[in-house]
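Summary of the model geometry
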Amino acid sequence: MAIILRLVQRFQHSKTDEFVALEKEFSQLEHRGILPRGERLIPISGREPRNTVIWQRRFESLADAEKALKLFETNAEHTELANKQKHFFESTWAEFYEVVDW
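All values reported here derive from a predicted model rather than from experimental measurement. (Residues numbered from 1 in each chain as written. Predicted model: local features only at pLDDT ≥ 70, side-chain atom pairs only at ≥ 80, totals over all residues. Heavy atoms only, no water.)

Side note on the sheet that holds strand S1 (residues 3-11)
In space, the four strands of this open sheet follow the order S2-S3-S1-S4, with antiparallel pairing throughout. Strands with a single pairing partner mark the edges of an open sheet, and in this sheet they are strand S2 (39-41) and strand S4 (89-98). Averaged over all pairs of adjacent strands, the angle between strand axes in this sheet comes to 20 degrees, irrespective of strand direction. Where S2 and strand S3 (residues 52-59) come together, three bridges link them in antiparallel fashion. (Pairing = 2+ DSSP bridges. Helix = DSSP H or I, 4+ residues; strand = E, 2+ residues; numbered from the N terminus. Axes fitted to C-alpha atoms, helices over the stretch in contact; angles between N-to-C directions.)

As structure tokens, then:
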């Protein structure tokens, strides 16, 4: 069963430049193959405000998505960046979606 993992990150609007600069560093870890590569979304219209970044990726199973979350928790480079970025968060959460093929 395919799964979409979404990491929703709402940040302080006044810290947009700083938050985005760090997010670009996370992206570089993905491009270097250190972290799973996902896509980032910024809302234009919808429930979430503009000061939200959504990282998402499709995984082939829930177990694979959970492995990615574990990697985020244990990778030293990710942790270093996360410790810099956490001061800008208003809230953050993970969402899992089952991909249905009806």
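Quick notes on the nonpolar core
Residues Leu5, Trp55 and Phe59 are the most contacted members of the largest nonpolar core, which totals 17 residues. Mapped by element, the contributors of at least two residues to this core are S1, helix H1 (16-31), S3 and helix H2 (62-74). Once you skip the residues sitting within four places of it in the chain, Leu5 turns out to touch Trp55, Gln56, Arg57, Phe59, Ala65, Leu69, Ala94, Glu95 and Phe96. (Core = buried A, V, L, I, M, F, W, Y, C linked by side-chain atoms within 4.5 Å. Buried < 20%, exposed > 50% of the residue type's maximum accessible area, 1.4 Å probe, protein only. Contact = heavy atoms within 4.5 Å.)

Considerations on H1
Under the 1.5 Å per step criterion, the end-to-end length of H1 is 22 Å for 16 residues, consistent within 8% with the ideal 22 Å. For H1, the secondary structure elements touched by its buried residues are S1, S2, S3, helix H3 (76-85) and S4. Just past H1, the residue Gly33 takes up positive phi, approximately 85 degrees. (Expected span 1.5 Å × (residues − 1).)

Section: the pattern of salt bridges
Taken as a whole and judged by the stated rule, the model has eight salt bridges. In this structure, Arg32 and Glu77 form a salt bridge, with 3.2 Å as the shortest nitrogen-oxygen distance. In this pair, Arg32 is assigned in the loop between H1 and S2 and Glu77 in helix H3, connecting sequence segments 45 residues apart. Taking relative accessible area as the criterion, Arg32 reaches 53% and is therefore assigned exposed. By relative accessible area, Glu77 is classed as partly exposed at 33%. Measuring nitrogen to oxygen at the nearest pair gives 4.0 Å for the salt bridge that ties Lys67 to Asp64. On the criterion of helical spacing, the pair formed by Lys67 and Asp64 is a turn pair, its members being three residues apart in helix H2. (Salt bridge = Lys/Arg side-chain N within 4 Å of Asp/Glu carboxyl O.)

Observations concerning the packing of aromatic side chains
As enumerated under the stated definition, the model contains three aromatic pairs in all. Between the aromatic rings of Phe11 and Phe19, the centroid separation amounts to 4.3 Å while the plane-to-plane angle is 15 degrees, which identifies the pairing as stacked. Across the pair, exposure class does not vary: Phe11 and Phe19 are buried alike. Between Trp55 and Phe72, the ring centres sit 5.5 Å apart and the planes meet at 85 degrees, which makes this aromatic pair edge-to-face. Placement of the pair is Trp55 in strand S3 and Phe72 in helix H2, with a sequence separation of 17 residues. The rings of Phe11, Phe19 and Phe89 are connected pair by pair, giving a single aromatic cluster. (Phe/Tyr/Trp six-rings, centres within 6.5 Å; stacked < 30°, edge-to-face > 60°.)

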